[in-house]
Amino acid sequence: MRGQEETRVTYTLESSLESVDKVEQTAEQMARDAGIDEDETFKFSMAVREAAVNAVLHGNAYDPQKRITASFENTGEDIIIRISDQGQGLDPAKLPDPLAPENLLRGSGRGIFLIRSFMDEVHFRQLHPGTELTLIKHLGTTK
Amino acid sequence: MSMKITTRQIDGVTILDLSGRILLGEGSVQLRDAVRDLLAKGQKKILLNLGDVTYIDSSGIGEMASALTAVHHQGGDLKLLNLTKRVHDVLQITKLYTVFDIKDDEASAIASFA
């Protein structure tokens, strides 16, 4: 599904890695269109990719019956991306700190940390069922 | 672009030349299998050449961390060579820069395994 405005697009997608690629590519193009430089575009699209991976893998667990929704909006001041899943929900307070010495060499658990590192604002909202992540990049700032 | 791995041997060190994107799915599985195969063959001195890696995600980073742990458990060593700025930045943010031995010259990297 594609919205009407050029700067606001919404997709409803299957729980697959192809969907993750599509979300990432859309974010990357949006960043380029907004004039964000190459390094920041990489960080931005990586954060969005990580959020999409969370939705597909940890949220929907690749369930073919479940969908993820990704919306992309450029307000002129911010790029706002919302990604939601239909999974069991995520409590960000319970995520282990990937920088703790005992976690440094863990094979997973860095996705949300990277999203927070590369975005200006990250918000979690519990759906019933699922989780919505809102990622905000202020235009004109670098992080 | 998916990831490609080619393997070389120099002075008892196995160099894995990685190129492309190390991502959840095929890329990180390829890396896991490559390191596992080397350890199964007793090749425990491993140098990951990341010079042509254009992108890495949290899964790829996790796979490198797991590879380091696996190699250390076998009494070997795994080092990184030729980090691009993007990979460097991600390793720095995740503090893995502090646990990997990172080299920028192949000859001295190989010599450092001796």
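Residues numbered from 1 in each chain as written. Chains lettered and ligands numbered in written order. Predicted model: local features only at pLDDT ≥ 70, side-chain atom pairs only at ≥ 80, totals over all residues. Heavy atoms only, no water.

Q: For this particular structure, what's the right way to read the sheet that holds strand 2 (residues 13–22) of chain B?
A: Backbone hydrogen bonds are what pair the strands of a sheet, in a parallel or an antiparallel way. Residues and elements named next belong to chain B. In space, the five strands of this open sheet follow the order 1-2-3-4-5, with mixed pairing throughout. Sheet topology places strand 1 (4–10) and strand 5 (101–103) at the edges, where each strand pairs with a single neighbour. Averaged over all neighbouring strand pairs, the angle between strand axes comes to 25°, with direction disregarded. Across seven bridges, the pairing between strand 1 and strand 2 is antiparallel. Residue pairing across strands places Lys4 opposite Ser19, the latter belonging to strand 2. (Pairing = 2+ DSSP bridges. Helix = DSSP H or I, 4+ residues; strand = E, 2+ residues; numbered from the N terminus. Axes fitted to C-alpha atoms, helices over the stretch in contact; angles between N-to-C directions.)

Q: Whenever I open this one, the interface of chain B and chain A confuses me. Can you help?
A: Buried accessible area, meaning the area lost when the parts come together, often serves as the stated size of an interface. Taken together, the contacts link 25 residues of chain B with 24 residues of chain A. Overall, the association of chain B and chain A removes approximately 2,000 Å² of surface from exposure, summing both partners, and the carbon and sulfur fraction of that is 65%. Linking chain B with chain A are four salt bridges. Between Glu24 of chain A and Arg21 of chain B there is a salt bridge whose closest N-O contact spans 2.8 Å. Put simply, chain B and chain A have four residue pairs in polar contact (both at pLDDT 80 or more) between them. Among the secondary structure elements, those contributing two or more residues to the side of chain B that touches chain A are strand 3 (45–56), helix 2 (58–73) and helix 3 (85–93) of chain B. (Contact = heavy atoms within 4.5 Å. Buried area = accessible area lost by both parts, 1.4 Å probe. Salt bridge = Lys/Arg side-chain N within 4 Å of Asp/Glu carboxyl O. Polar contact = N/O pair within 3.5 Å; in protein donor to acceptor, adjacent residues only side chain to side chain.)

Q: Any chance you could explain helix 2 of chain B here in plain terms?
A: For the α-helix, the turn length of 3.6 residues means that residues three or four positions removed from each other point alike. All names here are of chain B. In this model helix 2 runs 22 Å from its N-terminal to its C-terminal C-alpha over 16 residues, within 8% of the 22 Å that 1.5 Å per residue would give. The residue sitting at the N-terminus of helix 2 and contributing the capping side-chain oxygen is Asp57; that oxygen lies 3.0 Å from the backbone nitrogen of Ser59. Among the residues trailing helix 2, Gly75 stands out with phi positive, at a value near 80°. (Expected span 1.5 Å × (residues − 1).)

Q: I'm lost on helix 1 (residues 17–33) of chain A in this one. Help?
A: For helix 1 of chain A, which comprises 17 residues, the first-to-last C-alpha distance of 24 Å matches the rise-based estimate of 24 Å (1.5 Å per residue) to within 8%. Restricting attention to buried positions, one finds in helix 1 of chain A the residues Ser19, Val20, Val23, Glu24, Thr26, Ala27, Met30 and Ala31 of chain A. For helix 1 of chain A, the buried positions fall inside an angular range of 160° around the axis, keeping them on one side. Along helix 1 of chain A, the residues that are exposed and aim more than 90 degrees away from the buried face are Glu18, Gln25 and Asp33 of chain A. Check the buried side of helix 1 of chain A and you find it contacts strand 1 (8–14), helix 2 (38–59), strand 2 (67–74) and strand 3 (78–84) of chain A together with strand 2 and strand 3 of chain B. The positive-phi residue at the C-terminal boundary of helix 1 of chain A is Gly35 of chain A, with phi of around 85°. (Buried < 20%, exposed > 50% of the residue type's maximum accessible area, 1.4 Å probe, protein only. Arc of directions from axis to C-beta.)

Q: Any chance you could explain unusual backbone geometry here in plain terms?
A: Excluding glycine, a negative phi dihedral is what most residues carry, and trans is how most peptide bonds are arranged. All names here are of chain A. The amide bond that connects His128 to the next residue, Pro129, takes the cis arrangement and shows omega of 10°. Of note in this structure, Tyr62 is not a glycine but carries a positive phi near 60°. Examined against the element boundaries, Tyr62 turns out to sit in the loop between helix 2 and strand 2. Given a relative accessible area of 36%, Tyr62 falls into the partly exposed group.

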